[in-house]
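Reading the structure
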Amino acid sequence: MEMEADSQEREALHHEAQNKKEKFFSVQGLWDLLWSPINWFKMLSSELHWSFVISVVIVYGISQGLSMGLSRISIQYYLKDEQKVQPSEAQVYLGIIQIPWMVKPLWGLFTDTLPILGYRRKPYFVFAGVIGVVSMLVLSLDKKLDLTMSLLSLMVGSAGVAIADVTIDACVTENSISHPSLAGDMQSLCGLTSSVGALVGFSLSGFFVHLLGPKGVFGLLSIPPGLVIFVGMMLRESHLHSFSHRRVREKFLDSGKAMWTTLKCSSVWRPCLYMYLSLALSLSVREGMFYWYTDAKGGPSFSKEVVGSIFSIGALGSLFGVLLYQNFLKSYPFRDVLFWTQLLYGISGLLDLVFVLRINLKLGLPDYLFVVIDEAVSQMIGRLKWMPLLVLSSKLCPAGIEGTFFALLMSIDHVGILSSTWAGGLLLHILNITRTQFENLWMAILIRSILRILPIALLFLIPRTDPNSSILPSEMLRIKKGDDLESENLEMASLVNGI
């Protein structure tokens, strides 16, 4: 009996120890999961320096993500309620506001070839922050601002964000060349911080627009560019000791020749053509949907807070898309990822069609539940489609003109977005979709969804290479970046003459 009791006691102790072990590993696994993002940030800070990581967080997360979340809804309500414009007109004006993004190569050319006080990046962050603060304060404080001056102020604010963006892009591209294995991680960092910032911005936007009005939100938007000024002060950058401003013209010409030489390379112009066409063919009818969202008759008549929460769910979907790409898709060939994401992007557009035709109500799905699902899925797929293009763009930039050429690639994308926005505005006008008439909105959505699938036929323009491999010829990546800008441009000249 004693032996049986001892055996049962040992068995009980064994089970107790086994349970404690399982609980320990369960807690340990959860702890590792929670700490993995922090360890990832620590790794990037160790490899790339903490000031660079913080700069990315501020520029992408706050200046772009948070500001985009707050400004998008405030600008939409400002044009709709205070300026009383039609949906098609609003899309044209929104395209005009984005024009500074189409001249990004100019900002990149300055950052690459024209240092100020011995620095190539820091002064441009400061300048971008200053004009951003001024433009937002003008919009906020001047109560008699007409439409023309309002658009001009919004363009200046957009220019501030664009200059900060192209400057941080140059820093990202430099690090992508010096740390090629971290290129995907850096783009994931940019996308992650941008999505988190947009999530916070959209979550607060409806509340702030309701409480303060669009102009009050413009006042709040003077804070992010103030932080960009801080980036210009704290970013670690080597000081250039020998530089002659008399050679600026020569450097501009060298950069222009280097860009043209690179663009003539088939491994560069083919992806550029695909990126433009894939964006231009995805017609935007965003303002038609926004006016319908807030319409009290035919639409669901969403309030400002509800509209903000819808966009915040979309930002959450975008964030989820970044995480999916970072953890599961970043090592797959560009062409494979783009095929499936482009196909899903076109199919997901049909969810808007279900919503506008009110089929969701027939299925028993309330408007709000359906629209947040629609927004989350659409933004997640859109981000999954965008991430490989960003990584691909960073790998198309030759050493010596990283900022300028990456800006050129991004400007091509923005021209595609502008084409999509204005073509969508024309479609809304042709179909007679106005502030109060939405009978043909379903037709605009159907046309848009069909056009979104067409870029699949152009995937032969995208290289099949692995994202961790180099795409450019090796001679375009040989330039070593040093502290002396004069030597950089001599190397740039050899690149122009030697290819």
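Coordinates for the structure precede this section.
Residues numbered from 1 in each chain as written. Predicted model: local features only at pLDDT ≥ 70, side-chain atom pairs only at ≥ 80, totals over all residues. Heavy atoms only, no water.

What about the overall build of the protein?
To keep things clear, this is the line we draw: In DSSP terms, a helix is any run of H or I states spanning at least four residues, a strand is any run of E spanning at least two, and both are numbered starting from the N terminus. Relative accessibility thresholds used throughout: buried, under 20% of the residue-type maximum; exposed, over 50%; partly exposed, between the two (1.4 Å probe, protein chains only). Working rule for contacts: check all heavy atoms of both residues, and any pair within 4.5 Å makes them a contact. Shrake-Rupley sampling with a 1.4 Å probe provides the accessible areas, and residues are treated as covered by the protein chains on show and by no other component.
Counting secondary structure elements, the protein contains 20 helices and zero strands. Within the protein, the fraction of its 499 residues that count as buried is 54%. Put simply, of all contacts in the protein between residues at least 6 apart along the chain, 85% involve residues at least 24 apart. Summing over all exposed atoms, the protein offers an accessible surface of approximately 22200 Å²; the carbon and sulfur share of this is 66%.

Observations concerning helix H2 (residues 50–82)
Our working rule: For a residue, the bend is simply the angle between two axes, fitted respectively to the seven-residue segment ending there and the seven-residue segment starting there.
If you look at H2, its biggest bend is around 40°, right at methionine 68. For H2, the buried fraction is high: 26 of the 33 residues fall into the buried class. Lysine 84, located one to two residues past H2, shows a positive phi value of around 55°.

Remarks on the nonpolar core
Rule in force here: The criterion is simple. A nonpolar core is a set of buried Ala, Val, Leu, Ile, Met, Phe, Trp, Tyr and Cys residues joined through side-chain atoms within 4.5 Å.
Counting residues in each nonpolar core, the largest one holds 71 residues, and the members touching the most others are Phe52, Val56, Phe125, Tyr274, Phe405 and Leu409. For valine 56, the residues in contact, after removing those within four places along its chain, are Gly61, Ile168, Val172, Leu189, Cys190 and Thr193. Of all hydrophobic cores here, the second largest spans 50 residues; its members include Ile73, Leu221, Phe290 and Phe438.

Focus: the packing of helix H11 (residues 266–280) against helix H17 (residues 367–394)
Selection criterion: Orientation is described by lines fitted to C-alpha atoms, with helices fitted over the stretch in contact, and by angles between N-to-C directions that extend from 0 to 180 degrees. Just so you know how the angles are binned, under 35 degrees is roughly parallel, over 145 roughly antiparallel, 65 to 115 roughly perpendicular, and the rest oblique. The handedness criterion is simple: a crossing whose near helix is rotated anticlockwise from the far helix by less than a right angle is left-handed, and one whose near helix is rotated clockwise is right-handed. Gly counts as polar in this scheme, as do all residues outside two lists: the nonpolar Ala, Val, Leu, Ile, Met, Phe, Trp, Tyr, Cys and Pro, and the charged Asp, Glu, Lys and Arg.
At a minimum axis distance of 11 Å, the contact between H11 and H17 shows a crossing angle of 155°. In terms of axis orientation, H11 runs roughly antiparallel to H17. Pair H11 / H17 crosses with left-handed handedness. Contacts between H11 and H17 involve Pro271, Tyr274, Met275 and Leu279 from the former and Lys385, Trp386, Leu389, Leu392 and Ser393 from the latter. Partitioning the contact of H11 with H17 into residue classes produces seven nonpolar, one polar and one charged.

With respect to empty space enclosed by the protein
Cut-off, in case you're wondering: Both cavities and pockets are sets of points on a 1 Å grid over the protein atoms alone; in a cavity a 1.4 Å probe fits but cannot get out, in a pocket the set is open with protein on both sides within 12 Å along at least five of seven lines, and lining residues sit with an atom within 4 Å of a point. Grid points are joined across faces, edges and corners, and a volume is the space filled by probe spheres set on the points.
As enumerated under the stated definition, the model contains two cavities of 30 Å³ or more in all. Lining of the second largest cavity is provided by Pro180, Ser181, Ala183, Gly184, Tyr325, Lys330, Val391, Lys395, Pro467 and Asn468. Its residues assigned to classes, the lining of the second largest cavity shows five nonpolar, three polar and two charged.

Description of the packing of aromatic side chains
Put simply, the test is: In summary, the pairing rule links any two rings of Phe, Tyr or Trp, Trp by its six-membered ring, whose centres are within 6.5 Å, and it sorts them by plane angle into stacked for under 30 degrees, edge-to-face for over 60 and tilted for everything else. The criterion for a charge sitting over a ring is simple: Lys NZ or Arg CZ within 6 Å of the ring centre, and within 35 degrees of the ring normal.
Counted by the stated rule, this structure contains eleven aromatic pairs. Their ring planes at 55° and their centres at 5.4 Å tell us that phenylalanine 202 and phenylalanine 311 sit as a pair that is tilted. With phenylalanine 202 in helix H8 (residues 183–220) and phenylalanine 311 in helix H13 (residues 304–329), the pair connects residues that are 109 residues apart, well separated along the chain. Centre to centre, the rings of phenylalanine 339 and tryptophan 340 are 5.0 Å apart; their planes meet at 85°, and the pair counts as edge-to-face. Look at phenylalanine 339 and you get partly exposed, because its relative accessible area is 31%. An aromatic cluster is built from Trp292, Tyr293, Phe302, Phe355 and Phe370, whose rings are joined through pairwise contacts. The positively charged end of lysine 385 is found above the aromatic ring belonging to tyrosine 345, 5.1 Å away from the centroid.

Some words on the packing of helix H6 (residues 122–141) against helix H9 (residues 223–234)
Taken N-terminus to C-terminus, the directions of H6 and H9 make an angle of 165°; their axes are 7 Å apart at the nearest point. As judged from the angle between their axes, H6 and H9 are roughly antiparallel. Helix-helix and strand crossings are classified by hand; for H6 and H9 the assignment is left-handed. For the pair formed by H6 and H9, the contact residues are Lys122, Phe125, Val126, Ala128, Gly129, Val130, Gly132 and Val133 on the first element and Pro225, Gly226, Val228, Ile229, Val231, Gly232, Met233 and Met234 on the second.

Some points on the side chain of serine 449
Definition in use: Think of a polar contact as two N or O atoms within 3.5 Å of one another; within protein, one of them needs to be a possible hydrogen donor and the other a possible acceptor, and neighboring residues in sequence only count if both atoms come from side chains.
Within the secondary structure, serine 449 is located in helix H19 (residues 441–453). Engagement of the side chain of serine 449 in a polar contact is seen with the backbone oxygen of glycine 349, the distance being 3.5 Å. Filtering out sequence-adjacent residues up to four positions away, serine 449 remains in contact with Gly346, Gly349 and Leu350.

Let's talk about the environment of serine 67
Along the chain, the position of serine 67 falls in helix H2. In sequence terms serine 67 and phenylalanine 218 are 151 residues apart; their C-alpha atoms lie 9.6 Å from each other. When residues no more than four places from it in sequence are discounted, the contact partners of serine 67 are Ile62, Arg72, Leu221 and Pro224.

Structural notes on the side chain of serine 420
For serine 420, the location among the structural elements is in helix H18 (residues 402–430). Taking relative accessible area as the criterion, serine 420 reaches 5% and is therefore assigned buried. Of the polar contacts made by the side chain of serine 420, one reaches the backbone oxygen of serine 282; its length is 2.5 Å. Setting aside residues no more than four positions away along its own chain, serine 420 makes contact with Leu279, Ala280, Ser282, Leu283 and Ser284.

Observations regarding the environment of serine 222
When you line up the elements, serine 222 lands in the loop between H8 and H9. In this structure, the C-alpha to C-alpha distance between serine 222 and valine 138, residues 84 residues apart in sequence, is 9.8 Å. Not counting residues up to four positions away in its chain, the partners in contact with serine 222 are Val133, Met136 and Leu137. A distance of 2.6 Å separates the side chain of serine 222 from the backbone oxygen of glycine 219, its partner in a polar contact.

Considering the environment of isoleucine 430
Considering the arrangement of structural elements, one finds isoleucine 430 in helix H18. For isoleucine 430, a relative accessible area of 59% puts it in the exposed group. C-alpha of isoleucine 430 to C-alpha of asparagine 440: the two residues are ten residues apart in sequence and 9.8 Å apart in space.

Let's talk about a nonpolar patch on the surface
The cut-off we apply is this: What makes a patch is a set of residues exposed beyond 30% relative accessible area and free of salt bridges, joined within 9 Å when like-charged and within 5 Å when nonpolar (Val, Leu, Ile, Met, Phe, Trp, Tyr). Whenever a carboxyl oxygen of Asp or Glu lies within 4 Å of a side-chain nitrogen of Lys or Arg, that contact is scored as a salt bridge.
A contiguous nonpolar surface patch, about 820 Å² in accessible area, is contributed by Leu344, Ile347, Leu350, Leu357, Ile359, Leu363, Trp442, Leu446, Ile450 and Ile453. Residue assignment for the nonpolar patch shows that the elements contributing at least two residues are helix H14 (334–348) and H19. Counting residues per element, the nonpolar patch draws most heavily on H19, which supplies four residues. Residue classification places isoleucine 453 among the partly exposed residues on the basis of a relative accessible area of 33%.

Quick word on unusual backbone geometry
Residue serine 301 is not a glycine yet carries a positive backbone phi of 55°. With respect to the element layout, serine 301 can be found in the loop between helix H12 (286–293) and H13. Overall, serine 301 belongs to the partly exposed group, its relative accessible area being 38%. The phi dihedral of arginine 358 is positive, around 65°, even though this residue is not glycine. Among the secondary structure elements, arginine 358 is positioned in the loop between helix H15 (350–356) and helix H16 (359–362).

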